[in-house]
Amino acid sequence: MGFALTTEQFDAFLAGLARDYDIYAPKRLAGKGAFSGTDLIAYAPVQSLAEIVFDRKTFYSPKEILLPISQTLFYFTEEAYREPQQQQRPVIIFLRPCDVHAVKRLDQIYLHNGDQADPYYRERREKVKFFVMECTEGFDSCFCVSMGTNRTGEYAVFLRLEADRVLCDARPEFTPALAAYGREAPFTPAFIEQNKISVKTPEKIAPAVYGHPLWSEYDSRCIACGRCNVCCPTCTCFTMQDIFYEDNPRCGERRRVWAGCMIDGFTDLAGGHSFRNKYGERMRFKALHKVYDFKKRFGDHMCVGCGRCDDVCPEYISFSRIINRLAEVSDDE
Ligand code: SF4
Ligand code: SF4
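Per an unreviewed UniProt entry, the protein is named Anaerobic sulfite reductase subunit A, and its organism is Desulfotomaculum copahuensis.

Draft legend 1. Quick look at the sheet that holds strand β3 (residues 40-45). One open sheet accounts for eight strands, arranged β3-β2-β6-β7-β8-β9-β1-β10; its pairing is mixed. Unpaired on one side and paired on the other, β3 and β10 (183-184) mark the two borders of the sheet. In this sheet, strand β6 (residues 91-95) lies alongside strand β2 (residues 22-29) in parallel orientation, the contact comprising three bridges. Note that in β6 the partner of Ile23 across the bridge is Ile92. Relative to strand β1 (residues 2-6), helix α1 (residues 7-17) is tilted by about 105°, and along the sheet it contacts β1, β2, β6, β7 (128-133), β8 (157-161) and β9 (165-170). Against the sheet, helix α3 (residues 97-110) makes contact with β3, β6 and β7, and its axis sits at roughly 150° relative to β7, the strand it touches most.

Draft legend 2. The arrangement of the side chain of Ser320 in detail. Inspection of the secondary structure assignment puts Ser320 in helix α11 (residues 319-332). Under the relative-accessibility criterion, Ser320 is labelled buried at 4%. Within the structure, the side chain of Ser320 is placed 3.0 Å from the side chain of Ser318, a separation counted as a polar contact.

Draft legend 3. Fine view of the environment of Pro68. Here Pro68 lies in the loop between α2 (63-66) and β4 (70-76). Measuring from C-alpha to C-alpha, the distance between Pro68 and Tyr121 comes to 9.4 Å, with 53 residues separating the pair along the chain. Among residues more than four places away in sequence, those in contact with Pro68 are Arg124 and Trp258.

Draft legend 4. Broad picture of the site of ligand 1. Looking at ligand 1, the residues that line it are Phe143, Cys232, Pro233, Cys303, Val304, Gly305, Cys306, Gly307, Cys309 and Phe319. Classifying every residue of the shell around ligand 1 gives eight nonpolar, two polar and no charged.

Draft legend 5. Representation of the site of ligand 2. Neighbouring residues of ligand 2: 13 residues in total, closest Cys222, Cys225, Gly226, Cys228 and Cys313. Partitioning the shell around ligand 2 into residue classes produces 10 nonpolar, one polar and two charged.

About the criteria used
- Residues numbered from 1 in each chain as written.
- Chains lettered and ligands numbered in written order.
- Predicted model: local features only at pLDDT ≥ 70, side-chain atom pairs only at ≥ 80, totals over all residues.
- Heavy atoms only, no water.
- Pairing = 2+ DSSP bridges.
- Helix = DSSP H or I, 4+ residues; strand = E, 2+ residues; numbered from the N terminus.
- Contact = heavy atoms within 4.5 Å.
- Axes fitted to C-alpha atoms, helices over the stretch in contact; angles between N-to-C directions.
- Buried < 20%, exposed > 50% of the residue type's maximum accessible area, 1.4 Å probe, protein only.
- Polar contact = N/O pair within 3.5 Å; in protein donor to acceptor, adjacent residues only side chain to side chain.
- Near = heavy atom within 4 Å.
- Nonpolar A, V, L, I, M, F, W, Y, C, P; charged D, E, K, R; others polar.

Set out below in structure tokens:
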């Protein structure tokens, strides 16, 4: 059902929701950018429409709300262990269609990848509602249309920001609240139909792809900083860390902490062994995982075409270009 709210009415709607939900949205964090004097657009709690950034893409994705960068799984002593009590309130996340698809990729890994769902992820995920921000222009590095992630129907509320009002399409759960603050108005969500960048994903991978010289270019261009991993809404890898307390080393906690396939140490094994030491080999692994292996196993590509990895790479390495090169090489074989 459609509604129209003035910006003041929408702020009142948000204030009402804040009684029951923590609300996260893209926000400008002053002075937090990578370079001095620059701002960072990232997910943070918001209380008003004016705080929500609609005209920029976030550097980090909403993934960190569902999957904290560092999460304590349990505390331990010599005799016992105890899981932390989860006290998180229900959460509303303002996000774009591609990021809704990205959360579905996280669901695939953490909820549907085997017999057991991950209880830590499930607990957070069950409390999340999506407020989708209409996205009809996209940004320079986006390729969501090629990846089929430009549209979504999975939202509690879909909203379009206009000059002095907000148009919303709401599922029944939120229609009473919207009706209390705004008025009914016809509204059909729109989606982006064309990006500046398009990619072609490979249908099959020829054996020659594995040793192809295209990857060696990244041995020297990539610096293994891992920015492309941490900004990616669909990277799901973590490592385990046991922390022993200084004042009582017999007690501690086990944490899982984000890890990434481009970062040194990711493949270290007992005995000093390590795989994919060359950065080009890591790039090959990441590319095949994002646009081949995952689809083969689960039916959708892991990459949702958000373009964040292109935006953040300090070496200007373009992942969309890599996908196209991979497809060219595969099709030539
Ligand atoms: S475009 Fe890059 S950051 Fe975005 S989902 Fe694909 S691999 Fe991840
Ligand atoms: S962000 Fe760029 S330089 Fe850093 S690991 Fe990724 S591809 Fe390599």
